[in-house]
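Understanding the architecture of this molecule
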Amino acid sequence: MNFTKFARRQYLQGPTPIESMPSLSKVLGGEVNLYVKRDDLLPGAGGGNKTRKLEFCIGDALGKGADTIITCGAVQSNHARLTASWAAKEGLDCHLVLEERVKGSYKETASGNNFLFELLGVKSLGVVEAGSDMMAKMEEKAEELKSAGKKPYIVPGGASNAIGATGYAVCAEETMTQLNNMMLDIDHIIVPSGSAGTHAGMVVGMTGVNANIPISGVNVSRPKIVQEEIVYKLALEVAERLGIKGGITREEIVCFDEYVGPGYSLPTKSMVEAVKLFAQTEAILLDPVYSGKAAAGLIDLVRKDHFSKNSNVLFLHTGGSPALYAYMDTFRQG
Ligand SMILES: *Cc1c(COP(=O)(O)O)cnc(C)c1O
């Protein structure tokens with residue numbers, strides 16, 4: 001694929017590692033070989049998947065002469081943390097609009113990502129109630145900043161537009177190159193599916209390099225069909241942007257919604273188990289909101305013999321571990 005036509009900043013030092021997870025595979029019965037793509041180790045304060053998307057979004061912002069980034073997210077948003085991080089690095093102002101998706105969940109003094117927003121020097125942090133029109137709220141902020149002489153640029157939630165999701169088409173190509181070099185034949189890839197840019201970008205990129213590896217998303221909030229439609233729509237936009245021949249079919253977009261539990265960011269037993277298992281077998285830190293629930297899905301699918309015997313399954317670890325520190329009680333009780 002050709003990414004040279006797009007404005008982009010270079011935030012990666014090189015490919016993120018693909019590691020074998022022999023101890024976890026063994027604990028789960030030893031019939032499936034689990035591997036992990038360590039996007040939790042991406043650069044940017046605290047690591048995680050938004051860095052790949054922000055290469056393109058902030059590239060676009062700088063190309064348009066912006067001096068200020070506005071973005072949005074949940075109260076413990078990794079995306080907001082990484083946007084604040086790269087804005088700091090680029091010398092751009094950063095303003096956040098945070099959605100209190102769970103009533104009463106915003107605490108000014110909270111740990112985790114909330115603390116890091118402050119440390120990374122965000123210029124303002126507005127909290128709005130669940131269900132608010134986040135784009136409208138960000139546009140309001142942009143107008144206010146424009147009248148103060150600033151040049152704001154809005155990055156949508158999760159950087160999940162076609163610009164940001166292009167970063168995950170890059171990841172797909174990078175992954176396929178690594179697998180070829182390792183001579184590692186992966187049968188299935190599991191990714192978390194949230195604002196959808198990661199899932200959509202991976203599907204498009206794997207199609208773009210003709211990998212023929214099925215990808216499944218594990219939802220963190222929405223029902224299966226709703227999420228699949230969101231991923232599909234975005235995948236079509238990314239495929240169009242990259243000029244992918246043949247396009248993407250609806251059947252290629254597959255999501256599991258059994259691991260969401262009571263709702264976005266709310267703990268589940270299987271998430272707690274997954275976070276502990278990854279930590280105690282592979283010394284890999286997941287997070288409570290995304291990678292923990294996606295890993296709970298991976299673990300359950302292995303236990304249910306969803307993958308055939310001796311197959312190789314790759315888990316895309318999208319990061320998020322700073323949020324663990326806002327959930328310490330959950331893990332101590334669980
Ligand atoms: C945002 C995020 C995801 C989900 O990626 P999307 O592109 O929004 O679907 C997964 N894991 C972590 C840690 C995240 O911060």
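Residues numbered from 1 in each chain as written. Predicted model: local features only at pLDDT ≥ 70, side-chain atom pairs only at ≥ 80, totals over all residues. Heavy atoms only, no water.

1. Some details on the site of the ligand
With respect to spatial proximity, 17 residues lie near the ligand, and among them Lys 50, Lys 53, Ser 195, Thr 198 and Thr 318 are the closest. Asn 78 has a polar side-chain atom sitting 3.0 Å from an oxygen atom of the ligand. Contact distances for the ligand include 2.7 Å between an oxygen atom and a backbone N or O atom of Gly 194. Within the complex, the protein chains bury 98% of what would otherwise be the 380 Å² of accessible surface of the ligand. Put simply, the parts of the chain that give the shell around the ligand at least two residues each are α2 (50–63), β7 (188–193) and α7 (197–208). A per-class count over the shell around the ligand returns three nonpolar, 11 polar and three charged. Domain assignment of the residues forming the shell around the ligand places at least three in each of domain 1 (18–48 + 161–333) and domain 2 (50–159). (Near = heavy atom within 4 Å. Polar contact = N/O pair within 3.5 Å; in protein donor to acceptor, adjacent residues only side chain to side chain. Areas by Shrake-Rupley, 256 points an atom, 1.4 Å probe, with all protein chains shown as cover. Helix = DSSP H or I, 4+ residues; strand = E, 2+ residues; numbered from the N terminus. Nonpolar A, V, L, I, M, F, W, Y, C, P; charged D, E, K, R; others polar. Domains from an automatic or database assignment.)

2. Description of the packing of aromatic side chains
Considering all chains together, one arrives at three aromatic pairs under this definition. Aromatic pair Tyr 11 and Trp 86: ring centres 3.8 Å apart, planes at 5 degrees, arrangement stacked. Separated by 75 residues along the polypeptide, Tyr 11 in the segment before β1 (18–20) and Trp 86 in helix α3 (residues 78–90) bring together distant segments of the chain. Assigned by exposure class, Tyr 11 and Trp 86 land together as buried. Each ring, one from Phe 278 and one from Phe 315, has its centre 5.7 Å from the other, and the planes form 55 degrees; the classification is tilted. With Phe 278 in helix α9 (residues 269–282) and Phe 315 in strand β10 (residues 312–317), the pair connects residues that are 37 residues apart, well separated along the chain. You can call Phe 278 buried: its relative accessible area is 0%. (Phe/Tyr/Trp six-rings, centres within 6.5 Å; stacked < 30°, edge-to-face > 60°. Buried < 20%, exposed > 50% of the residue type's maximum accessible area, 1.4 Å probe, protein only.)

3. Description of helix α8 (residues 224–242)
The terminal C-alpha atoms of α8 lie 26 Å apart, and with 19 residues this matches the ideal 27 Å at 1.5 Å per residue to within 8%. Turning to α8, its buried residues number three or more, namely Gln 227, Glu 228, Val 231, Tyr 232, Leu 234, Ala 235, Val 238, Ala 239 and Leu 242. Close packing links the buried residues of α8 with α6 (162–182), β7, α7, β8 (215–219) and β9 (254–256). (Expected span 1.5 Å × (residues − 1). Contact = heavy atoms within 4.5 Å.)

All we've got here are geometric facts, nothing functional implied.
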